Amino acid sequence: MARLADYFVLVGYDPGKRGSRDGQGQILQRFPEKDWEDNPFPQGIELFCQPSGWQLFTERNPPTFFVAVLTDINSERHYCACFTFWEPIESAQPQSHPRNGDGEEEEEPSSPVQPAQLFAPKSLVLVSRLDHAEVFRNSLGLIYTIYVDGLSVSLENVIGNLLTCTIPITGGAQRTISLGAGDRQVIQTPISDSLPVSSCSVALLFRQLGITNVLYLFCAALTEHKILFLSSSYQRLTDACRALLALMFPLKYSFTYVPILPAQLLEVLSTPTPFIIGVHSIFQSETQELLDVVIADLDGGTVNVPECVHISLLPEPLLQQTREALSMVLDPELEVADLAFPPSTISVSSLKMQDKEIRAVFLRLFAQLLQGYRWCLHIIRIHPEPVIRFHKAAFLGQRGLTEDDFLTKVLEGMAFAGFVTERGAPYRSIDLFDELVAYEVKRMRAEEGNKQKILRHIKELAEKLYKNENPYPAVTMHKVQKPTEGCHLRLHQKPFPRLDEGTVQWIIDQATAKLQTAPPAVKAEKKCMVPSGPPIAAIMERNGNALANSARRLEVVRNCISYVFENKMLEAKKLFPAVLRAMKGRAARHCLTQELNLHVQQNRAVLDHQQFDFIIRMMNCCLQDCTAMDEHGIAAALLPLVTAFCRKLSPGITQFAYSCVQEHVVWTNIQFWEAMFYCDVQNHIRALYLDSSEENHADEESPEEPQEAKSALEIASEQLRLWPTMSREKQQELIQKEESTVFSQAIHYANRMSYLLLPLDTSKNRLLRSSGLGDMESVSNSFVTNSIAGSVAESYDTESGFEDAESSDVANYVVRFINRFVDKVCTESGVTNEHLKGLHVMIPDIVQMHIETLDAVHRESKRLPPIQKPKLLRPNLLVGEECVMEGLRVYLMPDGREEAAGGNIGGPPLLPAEGAIFLTTYRIIFKGTPTDPLVGEQVVIRSFPIASLTKEKKINVQAQVDQFIQEGLQLRSCTFQLLKIAFDEEVASDSAEIFRKHLHKLRYPQHVRGTFAFTVGQSPKQAMQPKAKEKNPSLRTLSKNLVKNAKKTIGRQYVTRKKYTPPVWEQRGSQHFPEDNEDEISVSEEMDRSTLTPTTTMKPSDKMTINHLVERACCRDYQRLGLGTLSSSLTRSKSEPFRISTVNRMYAICRSYPGLLIVPQSIQDNTIQRISRCYRQNRFPVVCWRNSRTKAVLLRSGGLHGKGVVGLFKSQNAPTAGPSQADSTSLEQEKYLQAVINSMPHYADASGRNTLSGFTSAHMSSSGKWGSIRASGRMSSYALNVEIGSRLAGKELLGTHHNGTAEPGFLRPHRASLYIIGDKSQLKGVKPDPLQHWEVVPIEVFDVRQVKASFKKLMKACVPGCPSTDPSIAYLRSLEESEWLSQIHKILQISVLVVELLDTGSSVLVSLEDGWDITTQVVSLVQLLSDPYYRTLEGFRLLVEKEWLSFGHRFSHRGAQTLAGQSSGFAPIFLQFLDCVHQIHLQFPMEFEFSQYYLKFLSYHYISNRFRTFLLDSDYERIELGLLYEEKGERKSQQVYKSIWDYIDRLNKKAPIFFNYMYAPEDGEVLRPYSNISNLKVWDYYTEETLSEGPSYDWELAQGQPEPVEDADRQDTGAPQTKRKIIWPCYDNRSRVEPDAISKLLEELHNLEMELGQIPERWKDTWDKVKASQRPEVRPEGSRTPSSLLMSSGLSHHRRSLGVYLQESGVGSTLNLSLDSDTSSTSTPSSGKPGGRRSTSTLYSQFHTSESENRSYEGSLYKKGAFMKPWKPRWFVLDKTKHQLRYYDSRMDTECKGVIDLAEVESITPGTPTMGAPKTVDEKAFFDLKTTKRVYNFCAQDVPGAQQWIDRIQSCLSDA
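Residues numbered from 1 in each chain as written. Predicted model: local features only at pLDDT ≥ 70, side-chain atom pairs only at ≥ 80, totals over all residues. Heavy atoms only, no water.

(A) Representation of the overall build of the chain within the structure. A tally of regular secondary structure across the chain gives 59 helices and 44 strands. Put simply, the chain has 1856 residues, and 54% of those count as buried. When contacts within the chain are restricted to residue pairs at least 6 apart in sequence, long-range pairs at least 24 apart make up 72% of them. Surface accessibility of the chain: about 81800 Å² in total, with carbon and sulfur atoms responsible for 54%. (Helix = DSSP H or I, 4+ residues; strand = E, 2+ residues; numbered from the N terminus. Buried < 20%, exposed > 50% of the residue type's maximum accessible area, 1.4 Å probe, protein only. Contact = heavy atoms within 4.5 Å. Areas by Shrake-Rupley, 256 points an atom, 1.4 Å probe, with all protein chains shown as cover.)

This is how it looks when you write it as structure tokens:
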């Protein structure tokens, strides 16, 4: 029972204090006068009676009533019910001008006129601890009525009764009271006092503010923000505040709570703590400057959240669900608003009911938020008082809401702390919330999303809440007198009488005495055990699919751990990466801890080193994803394990796992340790109370399984129930036991914490180790994760505010940290002070002891042998290649290329790989195995020649995920390879430096003699072999003489501006090998003999040598082209226009030209010497090729020097400034060019056929081959190219076509006989001269600098250094930026132009830059395109030897092969040329005898320095080094090939790797490739690689590996074995693993011959035989001879470059011609007739599925057979698509009997009947078809039929 009211107070206006602006109130009377003992009188009531201040008014206001709430120092709330009315002021003198008064003087009171009176407020106040607002309103109203209406009832009696009335607090009882004035009131108490009473306040709050606003306020209150309500009604403020508190149930608001704040206390609003306060609206302006207060205006319905305040809202699904539920309750019409026939009535709940429904929504919300909270309670003490802690991290983790702001803040808040204290107790009375959270959670989850069910649940809850407030349906009527209407306006109302204190006090005293004699009312509390509800795990199970897919992962984790413990290390290693990946998932981490725990229980905790290492790595991986909170309890589960697993380091010294897993932030989080401590204490306390019988079986169970074992809370509740029944001693004993349990745990934890906080090497300060891991590598002789998220020291600082962190050492930190921990947990769990002091004494000793143990462990762990790393694999070396540096252990890291790292195409990651890097005299080689154990058996090799190294930079790499950053190197090679290596930690940094130095020395030798091609096979220490000199004295003397004389002449030579002069080297004494037969110099007989050894003394061998010299490359080619005869006499026929001049035999005129040159017959040698001075580097124009048909010649030279140009191209009659040297040379120059022009036959021709009209269209179309897919529009594409030519030349070179068809009016009316292609920048200001016969074509070309830059970018595009976000786009973009393809386009464009000009009979002089870069590219390409000879293997070699080597392309300089060239960098001019050849090869795959591989081979080896062929800059330098001559006989003895050509020859004899099977040239064909960028392809040489064996261009190495050839033998053995082999694009060499069909057949043939014991035939002979056997078979039917088994007649008009395209990478699928066709007879090369013909149809079967589609027209015709053959009816098919006329024996026949190719048809004419023709037919039905080969005679059935056929065939022809 409790008093209804504690005090009754009469408060009035204080006239004595009227001086200030506002008046003050004073307490006039209070009853009882002395305070109750249990409830002192609250201070400051007078402030709360008039919250807006005491003021006087000029008129009477009606009485007001409101309830203010005061909170006392014990946070008890006092409800002050204030009833206020107004009284006139007694005193007659006006004391001041009242605020609202008129201020007139008062007249004497006798006057009947109403005086201007002032009214002061007076308040009747009831102070109570109970919130019965209505009862207070009635009671005070009654007192006022008695006073106002002057009822005959004693006020003292009424007040005395009011103050002595006692009512039950709860229990739902109704109590009728009467105050003794004939009144009656019924007081209804709530059933449960824990549920708040809200009547309608919640519903009103929602009405005033709306759903969203209230939710904002709700979240703000829960997350401890300041909330201020504004309203002009005090009662509304109180209601709103009460409503907000009611919504927060079951949490209780524990901060400042003032529903009505008086004006004098407004400064309370700037308090820093959270609050809920209500203020009258008139003070709104005062609230404006509050920056951090959420202001809710109840009258305006707004909530204003300041910018700086961030309110965390409910977590997402809940927020939406709450909103929906609220709108269902508050706005039921919303659901049916859109219905066509809305229900006529919608049941709207009453306001009181709605209020409960809203509260039900929030009750459900809390039940969902806090579901399962009881499973996270730790009970630390049961007796004497239960002490309970909440494990916040575990709760958040299990709910999956660790990231959620709202819930985290709520759990950290005061309200929740109160909730745990109040509701945590396991044994107490329970209410609606406890039942809801325990039993209804499953139901709520099930009903999610079903609005009807949710609404039903809400209504059920609302019923219960309503029942709690109004348990009885019929309430007895109140009977309370009310004052008469308007009584407050009465004029002569007496003031409120002074009451007699004695009477009231007497009544109170009597009642008190009566109470004391009455028996004490026992509150019957129904206590019981609080239900826990389902554990969180059970609730959260709904995402089952996630669990299902992780089951496999858990399996992997379990297997891996069992492998580790069974010591199957290789197996474990394979699974290990998968395990580390799985550790990202929570389930896998739990699984790991469980598995390890099992092993500890099986006493398997002592491990060997490798096992220890694995376990540590797993633990570290497991921990590195844990946050400091450890919300999933992973660290908690590992804590006992890290002190269990250990390894023996030496006798008596054991290293435990904890020393290797310290680097995780969780260990430095004090909350983690607290939660762990409480958890352990709870388990021990539970064990303490479990019966001994249960004990053994309960140990295995976790507290999570309530069915089998009692949880700690259940035990606690049982104990609390028994507690009152126990004896005093028993109680003391239990308290004692519990306390000592807690104490022992505290000691245990002090130890544990020192284990995990003290680093292994305690000498180091922990602070220094926050960056790396200090000496951790020695700890677990392996890898330790790097996931420090902040050193321990920092976290002490932040928590404890110790400033002296740096100065102090580790031990002090740890002691301090543990002390703080112990203080906190021991005070919370009630450990006695003596015990606590004892602990503080122990802790430093514990730490010290541990440090000593650690020192020993640290010492021993340093001595451990390093972990076994994989064995280093030795690379295969070439003959003569030697290791310079033994392998350094490194990791090969993935670069930007995706394939090897398992990128977008999938496949296992071959990189990173661990192995070693080797430096040999020739290459840098990495060889190792992938770190990914799934591909651990594969070998990865990546290498490139040292000479191709273009860039080397130091980098820092993290070699493995869980390792430290290591230093590494990135080596880039111009063979498009990149080695990104990280040195293993065992490699000292100085060895890495030595490696770099050696590398540098080998890359840039002092002299070209230092390159591998020279040093090969001789170790540097080798002595000189004396015999080498005598072997070939003739050659030696010859070369010496040559060099000597050259030096003499060079002395005299007219020196032009030279870019460089080759350095002069003394002949070294090092051993000379017989050198390669590269470009010897051809010497004609009429050579100036004085420079050579005189003939008289010549030995026979010398004569032989000179003959041999004349056979050299240049000379042989000149002879082939008919450019210069080598006759033995001086009487050379003068009709020859050109001669071979020996003027440069001593390299005196031009050092970079060959010794023998072709010049016009008429030019003398001395003239040449003068002319040469006009050209850069003295490279004067010489002839290098002549068109055998038009006799036009191709010349090359360097660019002109300025003065030469001016003289040459100014017109002759221009006045000159005296005879200068410039003039004379320019005249001679002109003479020289004229001599070239005169050599051309058509120029000398009298008719001067300059217009080229002789070339008919047929001529044109047959003589050239365009890279055009359309067989027809050949002229149009031709014209197109001509335009390109003119665009290129920058002027109108070409006329238009006559009437668009045949004749190209070519190159203006007078076409020049000689075009000089020069650099635009040099030929500025040159006017075309109509009198001259030559014309200058200025073009813009790029210089070497641009090529270098472009190549760098190309390398970065094809082999990026690091991965990009979007590889495909990045690749294409960087490819475009490199402009490499545009340069190739330019070169091809110029070359095609030159080919054009030569083909139409004009000669061309290419005179660009110095004549050795672009000039060489263009000249070589022109010859390649114009002359089929150069497209053979032999011809291409000749071309390269002639144009590139003899004419002095500076290979050494451009390839930066020596130290001197280091600065200039690498310029791939020759590579660019090879790329151009590759582009042409792609467009015309049947025109080249060599394959793409041949081009790649050259590209690789021209920079590899393996051969001497491409060393040095000119023939002169090669002679000077003695490289150019060698005897024929010597080559036999040499194993090491010095010349790349010999090597290629030898290889080509062995295997067809350089041969192109599709080689089927057409005679004399000129190629005109497309050069648009869209037609160019990126060469796969730039992008492909073979990691299994390294580059495939060192053939011996690639072949060295055993290939699984036994496939053929294996298939006979009984069991069918799979032949599948997985080929990885970047790993396997595809062309070898999966050769093309022909190679495969040749190989099988070879193997068969070997088996049969025959001497295998050379592949070439076999191939030639097959080709020969193909020829005769097709001849009778076809209209022309096919030139290979791949081609057949039907294709002749078709673009043959389409052909059957065999990619050289070797996918043989396209080659299904006669080799794989369906009839068995045709599968052999010597097939019969059908097989031969099948080749056509098979070819077409690729493009067309069946013949029928291509029958444009068909019918029966008679055809006359060949000579002397009869007429026969045949079924003819006209085929437009294939452009042919086919015939068959009959309509049904599928075998075609013959084909007439329409491309060869010349005319179709009416025919005449011949002998044997069908008699009955009209003679007009005959017609003849004339082709280039023969005439066909046909006869149709009738005349219209014949006409039809003729028309159809004509239309086919014209279409073409």
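What follows picks up the thread again.
(B) The environment of L237, seen in detail. In this structure, L237 sits in helix α6 (residues 234-248). The class for L237 is buried, based on a relative accessible area of 0%. Residues L237 and F66, 171 residues apart in the sequence, show an inter-C-alpha distance of 9.6 Å. With sequence-adjacent residues up to four places away left out, L237 is seen in contact with F229, L230, S231, P259, I260, G278, V279, H280 and L298.

(C) Molecular detail of the pattern of salt bridges. Using the criterion set out here, one finds 67 salt bridges in the structure. Linked through salt bridges whose partners overlap, the residues forming this network are D1117, R1120, R1196, D1427, K1442 and E1443. (Salt bridge = Lys/Arg side-chain N within 4 Å of Asp/Glu carboxyl O.)

(D) Spatial organisation of the sheet that holds strand β13 (residues 293-297). Sheet architecture is open: five strands sit in the order β11-β12-β10-β13-β14, paired in mixed fashion. In the strand order of this sheet, the two ends are held by β11 (256-258) and β14 (302-304), each with one partner. Across the sheet, the mean angle from the axis of one strand to that of its neighbour is 20°, orientation sign disregarded. Across five bridges, strand β10 (residues 226-231) lies against strand β12 (residues 275-280) in parallel orientation. Of the residues in β12, the one forming a bridge with F229 is G278. (Pairing = 2+ DSSP bridges. Axes fitted to C-alpha atoms, helices over the stretch in contact; angles between N-to-C directions.)

(E) Region of the structure containing unusual backbone geometry. For the bond running from F31 to P32, omega is -15°, close enough to zero to count as cis. A cis amide bond links L911 to the next residue, P912, at an omega of 0°. Mapped onto the fold, P912 is located in the loop between β22 (883-892) and β23 (913-920). Residues other than glycine seldom take positive phi values, yet N1178 does so here, at roughly 60°. Structurally, N1178 can be placed in the loop between α37 (1165-1172) and β31 (1182-1186). The class of N1178 is buried, set by a relative accessible area of 2%.

(F) Structural context of helix α20 (residues 586-601). Between the first and last C-alpha of α20 there are 23 Å, a value that for 16 residues agrees with the 22 Å anticipated at 1.5 Å per step. Along α20, the residues classified as buried are A588, R589, C591, L592, T593, E595, L596 and H599. Positive backbone phi, approximately 60°, marks N603, located one or two places after α20. (Expected span 1.5 Å × (residues − 1).)

(G) How the structure looks around the pairing of strand β16 (residues 387-390). Summarising the sheet, strand β15 (residues 377-381) and β16 pair through four bridges and their orientation is antiparallel. Bridging from a neighbouring strand, H378 pairs with R389 of β16. Count of turn residues in the β15/β16 antiparallel hairpin: five residues.

(H) Quick peek at a positive patch on the surface. A surface patch of like charges, here positive, comprises K951, K953, K1352 and K1356. Structurally, K1356 is set in helix α43 (residues 1344-1358). Note on K1356: relative accessible area 45%, which makes it partly exposed. (Patch = residues over 30% accessible without salt bridge, like charges linked within 9 Å, V, L, I, M, F, W, Y side chains within 5 Å. Lys, Arg positive; Asp, Glu negative; His and termini not counted. Charge placed at Lys NZ, Arg CZ, Asp CG, Glu CD.)

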